[in-house]
Amino acid sequence: MLTGKHLIAGKWVVGDTAFLSSPATGEPMRFAVGTPADVDRAARAAEAAFAAYSARTRDERARFLERIADEIEARGAEVTAIGTAETGLPAARLEGERGRTTGQLRLFADHIRKGGYLDRRHDAALPDRRPLPRPDLKMMQLPVGPVAVFGASNFPLAFSTAGGDTGSALAAGCPVVVKGHSAHPGTGEIIAQAILAAIEATGMPGGVFSLIQGGRREAGESLVQHPLIRAVGFTGSLRGGRALYDLCARRPDPIPFFGELGSVNPNFLLPAALAARGDGIAAGWAASLTQGAGQFCTNPGLMIAMEGPDADAFERAASAALAAVRGQTMLTDGIAAAYREGQARIAGAAGVEPLVETTSGGRIAGPNLYKVASDAFRRTHGLEEEVFGPLGLVVRAKNEEDMLDLARGIGGQLTCTLHLNADDTALAKRLMPILERKAGRILANGFATGVEVADAMVHGGPYPASTNFGATSVGTLSIRRWLRPVCFQNIPDALLPTDLR
């Protein structure tokens, strides 16, 4: 049963005002509107819980994460029912995302048990060293304190209430205050119920987790500015993320803002691959562009190919594949409106020609495909901006040097992809040093919409893809965002953290 309330420090708290949800199907429901007062209460509870929670053993925190996963799975049918109603996503997608969410919680649990993430180092004292002795130095990573997490609109589970940011912060030893997304408040509350059950079952302090529902911008602004919050995790739009990032930077004590802001994820279609299997790549691209109505931050919105008959054939094949795709329900009315605005921006740009155009209305979005020559692409900066939805743009390069120049000109990306055959190796070798500076993940002969949750995964990249190019929001390295190194010089063992003795 949904309460429509906030969860603050283990208690369900009613709000002074409420907002109505806007589900894809079913009746709207009332949920409490988050306020600065709610944020203050949650942040103070998180700070009060920090000392006790961060002192728990790695095994205790691991068992807490595993219990959260168990409690989410126990509510699987409820999660799917409310999630599909709120977002319009199919049940299979929600069930797969639920498995990813619980899987990454268990991955984090396994990772912290091993202890390698602490990066423990020891330089033993050298009392007889000349001309000066060396002191005993020990170092390890320690949790930073309470963390703020913003739920994402496009992943109601894996990037929201108990998603990667929350799970990695809890793994690091940091209490979490989540600002829920108003697109799926019911889903957020059910997951919060699961976390509360895990808190009670494992004896964790109530302030280790709070959920403040959405409804107003001021709750999010007050959360990143609260003096007890020590870091922020965000997945969302460039505009919204940049506004919060600037607020973090303007604090009297600036704090890290780990924002994943999306990208166009360019694909470079090299000549031999284009000639040999252009039709197959076109079909794969169309499927990736329209998967989940294109509502993925790794959606491959840009395809760069060299002009000529093979590119003509590729465009015909991609057009045919996209023309067969029916309209799909988008996550929110706002996202659907932004998609229509993005399509109009691309379609109206100088030099852009339509290949497939559809009319979208309400929350239904149809696929769209356009093409543009490289010179026109360079002249119009907006063509490189992400359109969140099933829209693709083919950029025609004149030759290899032009393709290399296009690669140099793109901004920071979450991913870049090479489609290549063996005969493309020489060109690919010239592209690789460029792409390594542009993206957090580089793929060959695939599409970026699948983000594996694993030790080696990087989901981040140079700005504007993310606000911190040295971080990832997916994979076990994500835990390092919520830690800071501390050196202990000549400190007696009895005073050291347990993991450093």
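Refer to the structure presented above.
Residues numbered from 1 in each chain as written. Predicted model: local features only at pLDDT ≥ 70, side-chain atom pairs only at ≥ 80, totals over all residues. Heavy atoms only, no water.

**So, the environment of Gly-116**
Quick reminder of the rule: The helix and strand labels rest on DSSP assignments: H or I over at least four residues marks a helix, E over at least two residues marks a strand, and numbering proceeds from the N terminus.
Relative to the elements of secondary structure, Gly-116 occurs in the loop between helix 4 (91–114) and strand 5 (121–123). Spatially, the C-alpha atoms of Gly-116 and Leu-20 are 45 Å apart, while their sequence positions differ by 96 residues.

**Observations regarding the sheet that holds strand 6 (residues 137–143)**
Heads up, the condition is: For two strands to count as paired, DSSP must find a minimum of two bridges between them. Between N-to-C directions, angles span 0 to 180 degrees; the directions come from axes that are lines fitted to C-alpha atoms, helices contributing only their stretch in contact.
Pairing within the open sheet is antiparallel, and its 3 strands lie in the order 5-6-21. Where the open sheet ends on each side, the last strands, each with one partner, are strand 5 and strand 21 (483–489). Here the strands of the sheet are splayed against their neighbours by 25° on average, with no regard to which way each runs. Where strand 5 lies against strand 6, 3 bridges are found, and the strand directions are antiparallel. Across the sheet, residue Arg-121 finds its bridge partner in strand 6, namely Met-139.

**Some points on the environment of Pro-133**
Quick note on the threshold: Contacts are residue-level and defined by heavy atoms, with any inter-residue pair within 4.5 Å sufficient.
Among the secondary structure elements, Pro-133 is positioned in the loop between strand 5 and strand 6. It is 52 Å that separates the C-alpha atoms of Pro-133 and Ile-8, two residues lying 125 residues apart in sequence. Other than its neighbours up to four places away in sequence, Pro-133 contacts Leu-126 and Pro-127.

**Structural notes on the nonpolar core**
Nonpolar side chains in soluble globular proteins generally cluster together in the buried interior. In plain terms, the rule: Think of a nonpolar core as a cluster: buried Ala, Val, Leu, Ile, Met, Phe, Trp, Tyr and Cys residues, connected wherever their side-chain atoms sit within 4.5 Å. Partly exposed residues are those whose accessible area sits between 20% and 50% of the maximum for their type, while under 20% is buried and over 50% is exposed, using a 1.4 Å probe and protein chains only.
Residues Phe-64, Phe-209, Phe-268, Met-403 and Leu-431 are the most contacted members of the largest nonpolar core, which totals 92 residues. Residues in contact with Met-403, not counting those within four places in the same chain, are Phe-268, Leu-269, Leu-270, Ile-304, Ala-305, Met-306, Ala-397, Leu-427 and Leu-431. Core analysis: the second largest hydrophobic core is formed by 22 residues, Val-13, Ala-42, Phe-234 and Cys-248 among them.

**Here's the deal with the packing of aromatic side chains**
This is how it is decided: Two rings from Phe, Tyr or Trp (for Trp, the six-membered ring) form a pair when their centres sit within 6.5 Å of each other. Planes less than 30 degrees apart are called stacked, planes more than 60 degrees apart edge-to-face, and all others tilted. By the criterion adopted, a ring carries a charge over it if an Arg CZ or a Lys NZ lies within 6 Å of its centre and within 35 degrees of its normal.
All told, the structure shown has 9 aromatic pairs when counted by the stated rule. Considering the side-chain rings of Trp-285 and Phe-314, the 5.8 Å spacing of their centres and the 20° angle between planes classify their relative orientation as stacked. Residue Trp-285 is located in helix 9 (residues 271–290), and its partner Phe-314 is located in helix 10 (residues 309–323); the two are separated by 29 residues in the primary sequence. Look at Trp-285 and you get buried, because its relative accessible area is 0%. A relative accessible area of 1% means that Phe-314 is categorised as buried. In this structure an aromatic cluster arises from ring pairing among Phe-150, Phe-234, Tyr-245 and Phe-257. One residue, Arg-93, lies across the ring of Phe-155, its end atom 4.8 Å from the ring centre.

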